[in-house]
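Understanding the architecture of this molecule
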Amino acid sequence: MSGRLKLFTLLGAIALSGIAASNAAAADNVEASPVCCTFTTGAFFQDQGEIPDFINPADSDAPHNVTSEGSGPDKGPIFESQTIFGGASSPINGAQYLGAGSYPFVCTIHTGMSGDLVVEDKGTPAARPSLRLSIPSQSLKKIKKSGKVKVKVKASSQSNGVRVGLLKGKKKVSKQSKLNLSAGKSKTVPIKLNGAGRKAVKKVKKGKKLKLSASLTVPFGKPAKVNKSLR
Ligand SMILES: [Cu+2]
């Protein structure tokens, strides 16, 4: 990571932590010890639906993060903070979706730096991001002209950082579009074809079909994929 990118990540973490702090109730914040490399206690407690903060104290001598050992429906960590230096804090995103139980976590930078997040049987977990994906009927002629394929995304719960792209077989034929959707909302997104995509559209002979797939990923939610033949 470049120095500049690191700074942006850090600033982003600080900005985000401000938002989380105003929404979250009284979860224990996870704290690193000032002297590397442990967390302050073995277990941190929260209710279901809460987002704790990870705090790296001002006198800390090393950067740390909180990363779950288990993985979620997107195959990424079920919860994670940003990596932060001393004097910063970052929300532990994903914790709001957890049901009651004990969840081990580590700092991915320091081997053996670990703790447990205990979610108590109080409160209600937030609904995990959940989306439906479809490719509406549209003519190849229009696609050829615009260089874009319309894809419809519908969210049944708040879904942030959704990424949608197009594939032909396993080949990526578009750039990825990124969007956020609130519960119950749907959006038709024009996805811009890349060079390979435009070529594939051009190659389709008159009266023939082009089979495309749209694929979607969302942090902490299930990925989705759908096929469609367009003519
Ligand atoms: Cu660490």
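See above for the structure.
Presented here is a report on the structure given in the accompanying data block. None of these values were measured; they are calculated from a predicted model.

Moving on, we come to the overall build of the protein. The helix and strand tally for the protein stands at three helices and 15 strands. For the protein, the residues scored as buried account for 39% of the 231 residues in total. Restricting the contact set of the protein to residue pairs at least 6 apart, pairs at least 24 apart contribute 61%. When the accessible area of the protein is evaluated, it comes to approximately 12800 Å², of which 53% is carbon and sulfur surface.

This paragraph deals with the coordination of the copper ion. Those protein atoms acting as donors to the copper ion are His64 (ND1), Cys107 (SG) and His110 (ND1), and they sit at 2.0 to 2.2 Å. Expressed as a motif, the donor residue spacing for the copper ion is H-x42-C-x2-H. Using a relative accessible area of 3% as the deciding quantity, one classes Cys107 as buried.

Of all hydrophobic cores here, the largest spans 26 residues; its most connected members are Leu131, Val149, Val151, Val153, Val164 and Leu166. Counting residues per element, the ones that place at least two in this core are β8 (130–134), α2 (140–146), β9 (148–157), β10 (159–168), β12 (177–181), β13 (186–192) and β14 (210–217). Grouped together as the second largest cluster of nonpolar side chains are 19 residues, Phe39, Phe54, Ile84 and Tyr103 included.

A word on helix α3 (residues 195–203). For α3, the set of buried residues is Gly197, Ala200 and Val201. An end-on view of α3 places all buried positions within 100° of arc, on one side of the element. For α3, exposure combined with an orientation more than 90 degrees from the buried face picks out Lys199, Lys202 and Lys203. Next to the buried residues of α3 lie α2, β10 and β14. Its side-chain oxygen 3.1 Å from the backbone nitrogen of Ala196, Asn194 forms the N-cap of α3.

In total, this model carries one disulfide according to the counting rule given. Two residues, Cys36 and Cys37, share a disulfide whose sulfurs are 1.7 Å apart. When the S-S torsion is 90°, as for the bridge of Cys36 with Cys37, the disulfide is right-handed. Owing to a relative accessible area of 27%, Cys37 belongs among the partly exposed residues under this scheme.

Our focus in this paragraph is the pattern of salt bridges. Tallying each qualifying case throughout the model produces one salt bridge. Of the charged contacts in the structure, one is a salt bridge between Lys122 and Glu120, with a shortest N-O distance of 3.9 Å.

With that settled, the discussion passes to the side chain of Ser33. On the secondary structure map, Ser33 appears in the loop between β1 (30–31) and β2 (43–48). A polar side-chain atom of Ser33 sits 2.7 Å from a polar atom in the side chain of Thr38. When sequence neighbours within four positions are dropped, the list of residues in contact with Ser33 reads Thr38, Phe39, Thr40, Pro57 and Ser60.

On to the pairing of β14. Bridge analysis of β10 against β14 gives five bridges, and the strand direction is antiparallel. Across the sheet, residue Leu167 finds its bridge partner in β14, namely Ser213. Here β14 runs beside strand β15 (residues 224–230); their pairing, made up of seven bridges, is antiparallel. Looking at β15, one finds that Ser215 is bridged to Lys225.

Let's shift gears to the packing of aromatic side chains. Counting across every chain of the model gives six aromatic pairs. When the centroid spacing of 6.0 Å and the interplanar angle of 75° are considered together, the rings of Phe39 and Phe54 count as edge-to-face. Of this pair, Phe39 sits in the loop between β1 and β2 while Phe54 sits in strand β3 (residues 53–56); the two residues are 15 residues apart in sequence, bridging distant segments of the chain. Its relative accessible area of 5% is what places Phe39 among the buried residues. A relative accessible area of 0% means that Phe54 is categorised as buried. When the centroid spacing of 6.1 Å and the interplanar angle of 40° are considered together, the rings of Phe44 and Phe105 count as tilted. Of this pair, Phe44 sits in strand β2 while Phe105 is found in strand β6 (residues 101–106), placing the two residues 61 residues apart along the sequence.

Calculation notes
- Throughout, residues of each chain are indexed from 1 in the direction in which the sequence is written.
- In view of the model being predicted, local features appear only for residues whose pLDDT reaches at least 70, and side-chain atom pairs are presented and counted only at 80 or more, with totals across whole chains, interfaces and linings using the full set of residues.
- In computing side-chain properties, one takes all heavy atoms of the structure into account and sets aside hydrogens as well as water.
- The helix and strand labels rest on DSSP assignments: H or I over at least four residues marks a helix, E over at least two residues marks a strand, and numbering proceeds from the N terminus.
- Relative accessibility under 20% of the residue-type maximum defines a buried residue, over 50% an exposed one, and the middle range a partly exposed one, all with a 1.4 Å probe and only protein chains included.
- Residue contacts are defined here by distance: any two heavy atoms, one from each residue, within 4.5 Å place the two residues in contact.
- Note on areas: Shrake-Rupley with a 1.4 Å probe; residue coverage comes only from the protein chains shown.
- For Na, K and Ca the donor cutoff is 3.2 Å, while for all other metals N, O and S atoms must lie within 2.8 Å; water is not among the atoms, so some sites may look incomplete.
- The criterion is simple. A nonpolar core is a set of buried Ala, Val, Leu, Ile, Met, Phe, Trp, Tyr and Cys residues joined through side-chain atoms within 4.5 Å.
- Starting at the helix axis, one direction is taken to each C-beta atom, and the arc is that of these directions.
- Each polar contact in these results corresponds to two N or O atoms within 3.5 Å; when the atoms are within protein, one needs to be able to donate a hydrogen and the other to accept it, and residues that are neighboring in sequence are counted only if both atoms are side-chain atoms.
- When two cysteine sulfur atoms are found within 2.5 Å, that pair is recorded as a disulfide.
- By salt bridge we mean one thing: a side-chain nitrogen of Lys or Arg within 4 Å of a carboxyl oxygen of Asp or Glu.
- Here a strand pair is declared whenever DSSP counts at least two bridges between the two strands.
- Stacked, edge-to-face and tilted are the three classes for Phe, Tyr and Trp ring pairs, Trp counted by its six-membered ring, which pair at centre distances within 6.5 Å; planes under 30 degrees apart are stacked, over 60 edge-to-face, the rest tilted.

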